[in-house]
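Analysis of the macromolecular model
Letter by letter, the chains look like this.
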Amino acid sequence: MSAPDGSPVGTERSIGQLFASATTEMSALVHDEIALAKAQLKQDVKRGAMSGGAFTVAAGVLVFSLPMLNFALAYGIRTWSDWNLAICFLLSFAANVLIALVLALIGVVFAKKAKKGKGPQKVAASMKETAVVLQKAKPHPRAELPQDRVPEAIEAVARSSS
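Everything quoted here is computed from the prediction, not taken from an experiment. (Residues numbered from 1 in each chain as written. Predicted model: local features only at pLDDT ≥ 70, side-chain atom pairs only at ≥ 80, totals over all residues. Heavy atoms only, no water.)

Side note on the overall build of the chain
Along the chain, the regular secondary structure elements total 4 helices and 0 strands. Mapped in sequence order, the helices and strands of the chain form the string α-α-α-α. Out of the 162 residues in the chain, the part that is buried amounts to 15%. Put simply, of all contacts in the chain between residues at least 6 apart along the chain, 69% involve residues at least 24 apart. Of the accessible surface of the chain, which amounts to about 12,700 Å², a share of 69% is contributed by carbon and sulfur atoms. (Helix = DSSP H or I, 4+ residues; strand = E, 2+ residues; numbered from the N terminus. Buried < 20%, exposed > 50% of the residue type's maximum accessible area, 1.4 Å probe, protein only. Contact = heavy atoms within 4.5 Å. Areas by Shrake-Rupley, 256 points an atom, 1.4 Å probe, with all protein chains shown as cover.)

Structural data, given as C-alpha cells:
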C-alpha cells in the first residue's frame, strides 16, 4: 500500500515531499474551482440566451401578425354586415398573439432562472472560505530533532549527495 504521492505507507516523507504534495493538492483544488465557475457561468449564459431567443421569436410573431390585423380591420370596415371574413382574420391574429404570449412567458421563466443562478458568486465564496481555512492553519508542533536530524545536518547531507 502506498501514500498518494507513491511513497510506501509507514515511511517518513521529507518536508520537500510534503510541500510538493500540498502544492499539487492546492493546484488541483484551484483548477477544480475554476472549472466549476466556468460550468456554472456557461449554464447561466445558456439560460440567458434561451430567454433572449424566446423574446425575439415573440416579437417576430407579433410583427408578422400586424398585417393580419390590418387586413382584418380593412375587411371588417368593408363588410359590416358580413363578419365571417373579418372574424377569421381576427381569430388568426388572436392565435398569433396567444403564441407570442406563450413565448414571452417562456422568455420570462428563463430570464428569472438566469437571474437567479449565481454560480460564479458561489464559487468565489467557496474560494474565500478555502483561503480563510488555509490562513488559519498552523503547523503541528514537533518534538526536538535528534542531533543527526537537525536542519544543518540535513542540508549537509543534501549538499554532499548532489
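Anyway, onward from the coordinates.
Thoughts on the packing of aromatic side chains
Tallying each qualifying case throughout the model produces 0 aromatic pairs. Seen from the ring of Phe110, Lys113 lies directly overhead, with NZ or CZ sitting 5.8 Å from the centre. (Phe/Tyr/Trp six-rings, centres within 6.5 Å; stacked < 30°, edge-to-face > 60°. Lys NZ or Arg CZ within 6 Å of the ring centre and 35° of its normal.)

Here's the deal with the confidence of the model for the chain
Overall, the predicted model of the chain reaches an average pLDDT of 75, with 65% of residues at or above 70. When pLDDT is averaged over each element of the chain, helix H1 (residues 15-78) comes out on top at 83 and helix H4 (residues 151-161) at the bottom at 56. (pLDDT = per-residue confidence, 0-100.)

As for the environment of Val57
Tracing the backbone shows Val57 in helix H1. C-alpha separation for the pair Val57 and Ala100, spaced 43 residues apart in sequence, amounts to 7.7 Å.

Observations concerning the side chain of Glu33
Looking at the secondary structure, you find Glu33 in helix H1. Once you skip the residues sitting within four places of it in the chain, Glu33 turns out to touch Val123, Ser126 and Met127.

Digging into a nonpolar patch on the surface
A grouping of Met26, Leu29, Val30, Ile34 and Met127 is seen on the molecular surface, where their side chains present a nonpolar patch of about 340 Å² in accessible area. With 4 residues, H1 is the single largest residue contributor to the nonpolar patch. Looking at where Met26 falls in the secondary structure, it is placed in helix H1. The class for Met26 is partly exposed, based on a relative accessible area of 33%. (Patch = residues over 30% accessible without salt bridge, like charges linked within 9 Å, V, L, I, M, F, W, Y side chains within 5 Å. Salt bridge = Lys/Arg side-chain N within 4 Å of Asp/Glu carboxyl O.)

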